[in-house]
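Coordinates in review
Residues per chain, in single letters:
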Amino acid sequence: MVQKQDDFKKALGNYPTGVTVVTTFDKENHPVGLTVNSFASVSLDPLLILWSIDKKSKSLSDFTNSGKFAVNILASDQEKICFLFSSKEVDRFGQCEWQRSENNLPVLGDVASVLECETVQQIEAGDHIILIGQVHHIVNADKAPLLYHQRNVGEIPRTFYQTI
């Protein structure tokens, strides 16, 4: 089983993804957030997205009980934010720019996009919980996204856009 898990991690680690930080407030109204690359579009009508959280995560109950969350799609120059929110650091929000949105969600500064969502479904799947959110508010900036590939983060190379 361990070999299959290692092969699985290797295969998915070779699949480039964008990097997000998902945020909400806990029951004491403190901001909570974590780096997530298990993020995907689900539906255009209604606007739905999904992401998953490990059942062992310290912030699991914060996200499953809050009823809403924000997906902050990181910009290519936000590598430090990616690592900050994936670390064991306790005061993550004290080390970055953020604000409370009109929808009462913590949103990070200078990101490529923000999707503010209401949780509409939670699905248990193995060692994770999948949260499906209906998108109620979107902010887009004219910024390139941060990418994750084989445990590295960075921007899309300019050569990617060159035609043959």
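Parameters and conventions
Residues numbered from 1 in each chain as written. Predicted model: local features only at pLDDT ≥ 70, side-chain atom pairs only at ≥ 80, totals over all residues. Heavy atoms only, no water. Helix = DSSP H or I, 4+ residues; strand = E, 2+ residues; numbered from the N terminus. Rg over C-alpha atoms; globule rule 2.2 N^0.38 Å. Buried < 20%, exposed > 50% of the residue type's maximum accessible area, 1.4 Å probe, protein only. Pairing = 2+ DSSP bridges. Axes fitted to C-alpha atoms, helices over the stretch in contact; angles between N-to-C directions. Lys, Arg positive; Asp, Glu negative; His and termini not counted. Salt bridge = Lys/Arg side-chain N within 4 Å of Asp/Glu carboxyl O. Contact = heavy atoms within 4.5 Å. Phe/Tyr/Trp six-rings, centres within 6.5 Å; stacked < 30°, edge-to-face > 60°.

1. Description of the overall build of the protein chain
- Helices and strands together make up the secondary structure of the protein chain, namely three helices and 12 strands.
- Radius of gyration (C-alpha) of the protein chain: 16 Å, near the 15 Å computed for a compact globule of 164 residues.
- In terms of overall dimensions, the protein chain has C-alpha extents of about 50 × 45 × 40 Å along its principal axes.
- The 164 residues of the protein chain split such that 37% are buried.

2. Quick look at the sheet that holds strand S2 (residues 20-25)
- Strand order in the open sheet formed by seven strands is S3-S2-S6-S9-S10-S5-S4, with antiparallel pairing between adjacent strands. Sheet topology places strand S3 (31-36) and strand S4 (39-44) at the edges, where each strand pairs with a single neighbour. Each adjacent strand pair in this sheet contributes to an overall mean axis angle of 35°, direction not counted.
- Both S2 and strand S6 (residues 68-73) contribute to a ladder of four bridges, which runs antiparallel. Note on S6: the bridge partner recorded for Thr-23 is Ala-70.

3. Quick notes on the side chain of Asp-62
- Examined against the element boundaries, Asp-62 turns out to sit in helix H2 (residues 60-66).
- In this structure, Asp-62 is buried with no salt-bridge partner, the nearest side chain bearing the opposite charge being Lys-27 at 7.0 Å.
- Not counting residues up to four positions away in its chain, the partners in contact with Asp-62 are Thr-24, Phe-25, Asp-26 and Val-32.

4. A closer look at the packing of aromatic side chains
- Under the definition given, this model contains six aromatic pairs.
- A centroid spacing of 5.1 Å and a plane angle of 80° characterise the contact between Trp-51 and Phe-63, whose relative ring orientation is edge-to-face. Of this pair, Trp-51 sits in strand S5 (residues 47-54) while Phe-63 sits in helix H2, and the two are 12 residues apart along the sequence. Grouping residues by exposure puts Trp-51 and Phe-63 together as buried.

5. Section: the pairing of S2
- A large share of S2 lies buried, amounting to six of its six residues.
- Pairing geometry for S2 and S3, over six bridges, is antiparallel. Its bridge partner lying in S3, Phe-25 is registered against Pro-31.
- Connecting S2 to the antiparallel partner S3 that follows it, the hairpin turn spans five residues, and Asn-29 within it adopts a positive phi of roughly 70°.

6. Regarding unusual backbone geometry
- Asp-45 connects to Pro-46 through a cis peptide bond whose omega is 5°.
- Tracing the backbone through its elements, the reader meets Pro-46 in the loop between S4 and S5.
- Positive phi outside glycine occurs at Asp-110, with the angle close to 60°.
- Phi at Gln-150 takes a positive value of approximately 50°, unusual for a residue other than glycine.
- Mapped onto the fold, Gln-150 is located in the loop between strand S11 (147-149) and strand S12 (152-154).

Interpretation in functional terms is not warranted from these geometric data alone.
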